[in-house]
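Descriptive analysis of the structure
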Protein chains: 2
Amino acid sequence: MWRHVTPDAARRMLIAAAHAFADKGYHATTTRDIASLAGMSPAAVYIHYRSKEDLLFQISKIGHELSLSVLSDVPGKDPVERLSNAVSSFARWHAEYHTTARVVQYELGALSPEHHATVVELRRGIEGRMRSIIAEGVEAGLFDAPDLRGATLAVLSLCIDVARWYQPTGKRTPEQIGALYADLVRRMLMS
Amino acid sequence: MWRHVTPDAARRMLIAAAHAFADKGYHATTTRDIASLAGMSPAAVYIHYRSKEDLLFQISKIGHELSLSVLSDVPGKDPVERLSNAVSSFARWHAEYHTTARVVQYELGALSPEHHATVVELRRGIEGRMRSIIAEGVEAGLFDAPDLRGATLAVLSLCIDVARWYQPTGKRTPEQIGALYADLVRRMLMS
DNA sequence: GTCTATATCCCGATAGAC
DNA sequence: GTCTATCGGGATATAGAC
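Residues numbered from 1 in each chain as written. Chains lettered and ligands numbered in written order. Predicted model: local features only at pLDDT ≥ 70, side-chain atom pairs only at ≥ 80, totals over all residues. Heavy atoms only, no water.

Another point: helix 8 (residues 148-160) of chain A. Within an α-helix, residues lying three or four positions from one another point in the same direction, as the helix has 3.6 residues per turn. Across its 13 residues, helix 8 of chain A extends 18 Å between first and last C-alpha, which sits within 8% of the 18 Å expected from 1.5 Å per residue. Among all positions in helix 8 of chain A, only A:Gly150, A:Ala151, A:Thr152, A:Ala154, A:Val155, A:Leu156, A:Ser157, A:Leu158, A:Cys159 and A:Ile160 are buried. (Helix = DSSP H or I, 4+ residues; strand = E, 2+ residues; numbered from the N terminus. Expected span 1.5 Å × (residues − 1). Buried < 20%, exposed > 50% of the residue type's maximum accessible area, 1.4 Å probe, protein only.)

Right, dumping it as structure tokens:
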């Protein structure tokens with residue numbers, strides 16, 4: 001997931017920050033916590049990042065881009081299959097990468113106005129892609145969703161909230177959650 | 001919602017804290033913010049509460065108790081109607097009281113271990129009530145939910161996440177959200 | 001009960017040696 | 001690039017007058 005981040009120390013710092021932010025929240029995490037988790041001194045944070053907020057922004061940006069990519073070129077021979085695949089992948093992503101997903105979904109408010117605007121744009125893309133998949137099914141007469149935006153909101157909401165309750169020690173694997181959710185959504189929308 | 005809290009200054013402080021915690025998060029909120037919102041001096045917080053965390057606990061406890069009460073004695077002539085009423089009320093509560101609901105759902109981690117244990121107990125009650133309503137429908141052969149706990153989790157999750165995305169300036173009223181969600185859940189579970 | 005003033009601590013970020 | 005040491009600011013909570 002962080003494989004493109006270089007050099008090595010910068011990547012370790014980002015991973016440490018993501019874990020700390022997910023665990024305790026952005027404001028409760030100190031730069032000393034992050035440095036310590038990465039096995040470096042408090043000052044080392046500022047060699048690779050301008051500020052603690054910059055660290056948050058990098059995590060948020062990369063996380064949003066990845067969750068957006070999950071909804072790109074979703075395979076499927078018809079809208080029903082495409083929606084199932086989209087929901088299954090998107091829900092599974094929020095379980096599999098629940099650490100990053102929590103930062104992505106719950107620390108938006110700690111971003112600077114400029115950085116916040118950047119990720120809001122990415123979020124618009126995510127909503128747009130899910131909406132167009134649902135819209136295809138509605139146009140083909142396969143889905144019954146009189147309130148298209150409301151249905152899109154509910155589907156995204158269901159998947160996103162997985163990041164809140166998911167526990168790796170729980171009895172459901174990310175794959176099982178994806179399959180369960182794809183089935184629930186199919187029943188929710190099919191006419 | 002806070003009508004039982006007395007004296008007046010203590011109630012104003014609790015309301016101020018709930019708004020600040022929901023808006024910026026617990027850790028980003030200072031006791032000066034809270035006092036200032038309540039129109040009092042920074043020291044006044046400690047006349048009515050032992051600490052900032054105590055303020056959070058009171059909000060969390062009252063909020064959990066209220067959202068639990070919403071799932072008590074849900075009316076309905078059959079399991080289908082009872083589930084619709086439960087989902088509609090529970091989702092509506094998370095929209096109507098989204099300020100408190102955000103504190104309830106997203107600031108659990110800032111509670112002391114003892115206080116955290118108390119609200120976890122209340123949360124078990126919430127899950128139990130929703131699960132028994134769904135179980136009634138399964139036993140009557142009306143719902144198709146092979147994974148009862150998984151279905152309960154998904155239904156609660158859908159309603160809870162309303163607190164994250166709901167905006168009073170949006171075009172859907174809490175009542176409309178409740179009705180939309182009751183319908184989605186009914187389709188999700190009915191056999 | 002409420003205030004002003006302050007004790008005590010810890011945070012984000014920087015300076016400067018190596 | 002990484003360290004040790006530290007600055008400047010702001011946090012929670014308390015002391016003591018009224």
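The structure having been displayed, the exposition proceeds.
Turning our eyes to something else, we now look at the UniProt feature "domain: HTH tetR-type" (unreviewed entry) in chain A. The sites that UniProt annotates as "domain: HTH tetR-type" (unreviewed entry) are residues 7-67 of chain A. Spanning residues 7-67 of chain A, this segment combines 72% helix with 0% strand, and its end C-alpha atoms are found 24 Å apart. (UniProt positions renumbered as here; feature names shortened; annotations may be inferred.)

The feature "DNA-binding region" (unreviewed entry), as given by UniProt, occupies residues 30-49 of chain A in the numbering adopted here. Taken end to end, residues 30-49 of chain A has its terminal C-alpha atoms 14 Å apart, with 55% of it in helix and 0% in strand.

We now examine helix 1 (residues 8-24) of chain B. Residue and element names in this part refer to chain B. In this model, helix 1 (17 residues) spans 24 Å end to end at C-alpha, consistent with the 24 Å of a helix rising 1.5 Å per residue. Taken together, the buried positions of helix 1 are Ala9, Ala10, Met13, Leu14, Ala16, Ala17, Ala18, Ala20, Phe21 and Ala22. Buried residues in helix 1 make contact with helix 2 (31-37), helix 3 (45-48), helix 4 (52-69) and helix 6 (98-106). (Contact = heavy atoms within 4.5 Å.)

Turning our eyes to something else, we now look at the state of the cysteines. Tallying each qualifying case throughout the model produces zero disulfides over all chains. Here A:Cys159 stays unpaired: no disulfide links it, and the sulfur of B:Cys159, its closest cysteine neighbor, is 15 Å away. Here A:Cys159 falls in the buried class, since its relative accessible area comes to 0%. (Disulfide = S-S within 2.5 Å.)

We now examine the protein's contact with DNA strand D. Neighbouring DNA strand D are 16 residues, the closest being A:Ser41, A:His48, B:Thr31, B:Arg32 and B:Tyr46. Residue A:His48 places a side-chain N or O atom 2.9 Å away from a phosphate oxygen belonging to DNA strand D. Here a phosphate oxygen of DNA strand D sits 3.0 Å away from a polar atom, N or O, in the main chain of B:Lys52. The set of elements that each furnish at least two residues to the surface near DNA strand D consists of helix 3 (45-48) of chain A together with helix 2 of chain B. (Near = heavy atom within 4 Å. Polar contact = N/O pair within 3.5 Å; in protein donor to acceptor, adjacent residues only side chain to side chain.)

So, about the layout of surface pockets. Residues and elements named next belong to chain A. By volume, the second largest pocket amounts to about 210 Å³. Residue lining of the second largest pocket: Met1, Trp2, Arg3, His4, Val5, Gln58, Lys61, Ile62, Glu65, Leu66 and Tyr97, and that is the complete set. Class assignment for the residues of the lining of the second largest pocket results in six nonpolar, two polar and three charged. (1 Å grid on protein atoms, 1.4 Å probe; cavity = no way out; pocket = protein on both sides within 12 Å on 5 of 7 lines; lining within 4 Å. Points joined across faces, edges and corners; volume = space filled by probe spheres on them. Nonpolar A, V, L, I, M, F, W, Y, C, P; charged D, E, K, R; others polar.)

Once that is clear, we can look at the packing of aromatic side chains. Evaluated as defined, the whole model comprises five aromatic pairs over all chains. Residues A:Tyr106 and B:Tyr106 carry aromatic rings whose centres are separated by 4.9 Å and whose planes lie at 35° to one another, so their mutual orientation is tilted. Residue A:Tyr106 is found in helix 6 (residues 98-106), and its partner B:Tyr106 is found in helix 6; the two belong to separate chains. The exposure class of A:Tyr106 is partly exposed, given its relative accessible area of 24%. With 5.7 Å between their ring centres and 45° between their planes, B:Trp93 and B:Tyr97 make a pair best called tilted. Its end group placed over the ring of A:Tyr26, A:Lys52 keeps NZ or CZ at 4.5 Å from the ring centre. (Phe/Tyr/Trp six-rings, centres within 6.5 Å; stacked < 30°, edge-to-face > 60°. Lys NZ or Arg CZ within 6 Å of the ring centre and 35° of its normal.)

The subject of this paragraph is the protein's contact with DNA strand C. Around DNA strand C sit 15 residues in total, of which A:Thr31, A:Tyr46, A:Lys52, B:Ser41 and B:His48 are the nearest. Among the atoms of DNA strand C close to the protein, meaning within 4 Å, 57% are from sugar or phosphate groups. At a separation of 3.2 Å, a phosphate oxygen of DNA strand C approaches a polar backbone atom of A:Thr29. Contact between DNA strand C and A:Thr31: a phosphate oxygen at 2.7 Å from a main-chain N or O atom of the residue. Those elements giving two or more residues to the surface near DNA strand C turn out to be helix 2 (31-37) of chain A together with helix 3 of chain B. The class makeup of the residues in the surface near DNA strand C is seven nonpolar, six polar and two charged.

It is worth spelling out unusual backbone geometry at this point. Residues and elements named next belong to chain A. Residue Pro7 follows Thr6 across a cis peptide bond; omega there is -5°. Topologically, Pro7 is positioned in the segment before helix 1 (8-24). One non-glycine residue, Asp73, lies in positive phi territory at about 50°. Position of Asp73 relative to the elements: it lies in the loop between helix 4 (52-69) and helix 5 (79-96). Given a relative accessible area of 75%, Asp73 falls into the exposed group.

With 28 residues of chain A in contact, the opposing surface of chain B contributes 28 residues. Buried surface at the junction of chain A and chain B, both sides included, amounts to about 2,400 Å², of which 57% is carbon and sulfur. Of all residues in chain A, A:Arg164, A:Arg187 and A:Met188 bury the most surface against chain B, accounting for 26% of the area lost on that side. At the surface where chain A touches chain B, the tally comes to four salt bridges. One salt bridge in this structure joins A:Asp144 and B:Arg187, with 3.2 Å as the shortest N-O distance. (Buried area = accessible area lost by both parts, 1.4 Å probe. Salt bridge = Lys/Arg side-chain N within 4 Å of Asp/Glu carboxyl O.)

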